[in-house]
Amino acid sequence: MKSLLAAVKSFVANLLLWSFFVGGLAASTASGTVLDGTQKSVATYAGIAVSMLAGSRIAKKPRIKAFLSKPSTLWFLFLFNGGVAAYCYFTMDGVKGIATAAGMSLVSLGAAGGLIAGRKKPAGAGAQHRA
């Protein structure tokens, strides 16, 4: 059983981590409405970096990791992101469409890799060899 101090520290750490993640997403998507030019680019890229760093830390948490490892979640990520990648490639013009499609394709391929890795059975785990 955790002590009260450990529980409070864990709660504050999780709250800060999720706040950085959401704040990074907000900065990367909404900076164009407030800023222009170089400031917009800096805020967008800084927001992307902060949200990716915080998101990767969140993904290592045991409960989130278990959720992301479920086959149903992996199938959803594979199909949804693959569909979004195809949609973006055909509907967006220029480099933006290609970059968006490439990013979404990477997420889709990562989910497909998780599906394939989950199908592998451990060799020799209870299997008997015939002579």
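On a predicted model such as this, the values are computed, not experimentally measured, just so you know. (Residues numbered from 1 in each chain as written. Predicted model: local features only at pLDDT ≥ 70, side-chain atom pairs only at ≥ 80, totals over all residues. Heavy atoms only, no water.)

K.L.:
Provide a residue-level description of the side chain of Ser108, including the pertinent values.
P.N.:
With respect to the element layout, Ser108 can be found in helix H5 (residues 94-119). You can call Ser108 buried: its relative accessible area is 5%. The contact partners of Ser108, leaving out residues within four places of it in the chain, are Leu77, Phe78, Asn81 and Gly82. (Helix = DSSP H or I, 4+ residues; strand = E, 2+ residues; numbered from the N terminus. Buried < 20%, exposed > 50% of the residue type's maximum accessible area, 1.4 Å probe, protein only. Contact = heavy atoms within 4.5 Å.)

K.L.:
Lay out the packing of helix H3 (residues 62-69) against helix H4 (residues 71-91) with the relevant residues and their values.
P.N.:
Contact geometry for H3 and H4: axes closest at 5 Å, N-to-C directions at 70°. Between H3 and H4, the angle falls in the class roughly perpendicular. Mapping the contact onto sequence places Phe67, Leu68 and Ser69 in H3 and Pro71, Thr73, Leu74 and Leu77 in H4. Within the contact of H3 with H4, the residues separate by chemical class into five nonpolar, two polar and no charged. (Axes fitted to C-alpha atoms, helices over the stretch in contact; angles between N-to-C directions. Parallel < 35°, antiparallel > 145°, perpendicular 65-115°, else oblique. Nonpolar A, V, L, I, M, F, W, Y, C, P; charged D, E, K, R; others polar.)

Take it as geometry only, folks, not as evidence of what the structure does.
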